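Structural overview
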Amino acid sequence: MSWIPFRLLRAAVFAAVSGSASLLLHLWSGGHAPGPLQAAAAFGLVFAAAYAVGNRERGFLVLAPLCLAAQWGLHELFQAGAVETAHAHGAGLSMWLVHLAAALAQASWLARGETAFAALLDLLTLWFARLVRIAGLHAPAAVRPHRFTARTREPRPAPAAPASISRRGPPRLAF
């Protein structure tokens, strides 16, 4: 997950989710659309911040404050470029509650996506390693070994001699 292409992909997904959610909330609440340069700067800043903290898989408890910070920063950035009389939606408890709900929803979605992406990478790694082994290429394949507990074979205890002998059926001499 910390390999640079995966880190770039994860940062791009984080920036796309955070930026688009904040931009849609900004537009739906009556704000003006930011200019292309301002929108690109917003996405670039969120991308850079996501890349900086994206060295490993993050869970919901780490992603929630990051998403809330992204929502707040993007709101401030979009508000800075708006005309004061046209941007009356920028104050009030309802606006912050909407941003909080959006941040929690996107943190949950991103945490589940991170887990699914890590599981997919594990499966692909194991599949390619098996393919290399089957093909007999003898190429080194980096496989993260799964830890299994070693089972020791303990000898079974010998059964105790039965006190009475039981046989099924009639006696042999009966016929």
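On a predicted model such as this, the values are computed, not experimentally measured, just so you know.

1. A closer look at the overall build of the protein
Per the secondary structure count, the protein includes four helices and zero strands. Carbon and sulfur atoms make up 67% of the accessible area of the protein, which totals about 13,000 Å².

2. Digging into the side chain of Ser18
As for its position among the elements, Ser18 is in helix α1 (residues 4–28). If near-sequence neighbours (up to four positions away) are discounted, Ser18 is found in contact with Val46, Ala70, Gln71, Leu74 and Gln106.

3. Concerning helix α2 (residues 36–53)
Along an α-helix, a turn takes 3.6 residues, which lines up residues three or four apart on a common side. For α2, spanning 18 residues, the distance from its first C-alpha to its last is 26 Å, which sits close to the expected 26 Å at 1.5 Å a residue. Taken together, the buried positions of α2 are occupied by Gln38, Ala39, Ala42, Val46 and Ala50. Take α2 and look down its axis: the buried residues cluster within an arc of 105°, on one side only. Within α2, the exposed residues directed more than 90 degrees away from the buried face are Pro36, Leu37 and Ala52. Contacts made by the buried residues of α2 are with α1 and α3 (60–80).

4. Describing the packing of α1 against α2
Closest axis-to-axis distance for the α1/α2 pair is 8 Å, and the angle between their directions is 135°. It follows from the interaxial angle that α1 and α2 lie oblique. As α1 runs across α2, the sense of the crossing is right-handed. Here Ile4, Arg7, Leu8, Ala11, Ala12, Phe14, Ala15, Ala16, Ser18, Gly19 and Ser20 of α1 lie close against α2, whose contacting residues are Phe43, Val46, Phe47, Ala50, Tyr51 and Ala52.

5. Focus on the packing of aromatic side chains
For the structure shown, the criterion picks out one aromatic pair. Lying over the aromatic face of Tyr51, Arg7 brings its terminal NZ or CZ to 4.4 Å of the ring centre.

6. Thoughts on a nonpolar patch on the surface
On the surface, Phe60, Leu61, Leu68, Leu93, Leu97, Leu100 and Leu104 cluster together to form a nonpolar patch covering roughly 670 Å² of accessible area. It is helix α4 (residues 93–135) that contributes the most residues to the nonpolar patch, four residues altogether. Mapped onto the fold, Leu68 is located in helix α3.

7. Side note on α3
The first and last C-alpha atoms of α3 sit 30 Å apart over 21 residues, in line with the 30 Å expected at 1.5 Å per residue. Regarding α3, the residues found buried are Leu63, Ala64, Cys67, Ala70, Gln71, Leu74, His75 and Phe78. Seen along its axis, α3 keeps its buried residues to an arc of 130°; they face one direction. α3 presents Leu61 and Ala80 as exposed residues on the side facing more than 90 degrees away from its buried surface. Structurally, α3 contributes buried residues whose contacts are with α1, α2 and α4.

8. Quick look at the side chain of Gln106
Among the structural elements, Gln106 can be located in helix α4. Owing to a relative accessible area of 4%, Gln106 belongs among the buried residues under this scheme. Contact partners of Gln106, with chain neighbours within four places excluded, come to Val17, Ser18, Ala21, Cys67 and Gln71.

9. Digging into the packing of α1 against α3
The geometry of a pair of packed helices is captured by two quantities: the angle between their axes and the separation between those axes. Where α1 contacts α3, the axes come no closer than 9 Å and their chain directions differ by 50°. The angle between α1 and α3 falls in the class oblique. As α1 runs across α3, the sense of the crossing is right-handed. Listed contacts from α3 to Phe14, Ser18, Gly19, Ala21, Ser22, Leu23, Leu25 and His26 of α1 are Leu63, Leu66, Cys67, Ala70, Gln71, Leu74, His75, Phe78 and Gln79. Grouping the constituent residues of the contact of α1 with α3 by class yields 10 nonpolar, seven polar and no charged.

Parameters at a glance
As a convention, each chain's residues are numbered from 1 in the sequence order in which they are written. Only residues with pLDDT of 70 or above have their local features reported here, since the model is predicted, and side-chain atom pairs are shown and tallied only from 80 upward, although totals for entire chains, interfaces and linings are computed over all residues. With hydrogens and water excluded, all non-hydrogen atoms of the structure serve as input to the side-chain values. Numbering of helices and strands starts at the N terminus; helices are DSSP runs of H or I of at least 4 residues and strands are runs of E of at least 2. Reported accessibility uses the Shrake-Rupley method at a 1.4 Å probe radius. Residues are deemed covered only where the shown protein chains occlude them. Throughout, a residue-residue contact means that at least one pair of heavy atoms, one from each residue, lies within 4.5 Å. Helices are assigned an expected span. That span is 1.5 Å times one less than the residue count. Note on classification: 1.4 Å probe, protein chains only; a residue is buried when its accessible area is under 20% of the maximum for its type, exposed when over 50%, partly exposed between these limits. Taken from the helix axis, the directions to the C-beta atoms give the arc we talk about. Think of each axis as a best-fit line through the C-alpha atoms, taken over the contacting stretch in the case of a helix, with angles from 0 to 180 degrees between the N-to-C directions. Between 65 and 115 degrees an angle is taken as roughly perpendicular, under 35 as roughly parallel, over 145 as roughly antiparallel, and anywhere else as oblique. Definitions for this section: a left-handed crossing has its near helix turned counterclockwise from the far helix by less than a right angle. A right-handed crossing has that turn clockwise. Classification of ring pairs rests on two measures: the distance between centres of Phe, Tyr or Trp rings, Trp counted by its six-membered ring, which must be within 6.5 Å, and the angle between planes, read as stacked under 30 degrees, edge-to-face over 60 and tilted in between. We call a charge positioned over a ring when the NZ of a Lys or the CZ of an Arg lies within 6 Å of the ring centre and within 35 degrees of the ring normal. Here the term patch refers to residues with relative accessible area over 30% and no salt bridge, with like charges joined within 9 Å and nonpolar side chains (Val, Leu, Ile, Met, Phe, Trp, Tyr) within 5 Å. We define a salt bridge as a side-chain nitrogen of Lys or Arg found within 4 Å of a carboxyl oxygen belonging to Asp or Glu. Gly is placed with the polar residues, together with every amino acid not listed as nonpolar (Ala, Val, Leu, Ile, Met, Phe, Trp, Tyr, Cys and Pro) or charged (Asp, Glu, Lys and Arg).

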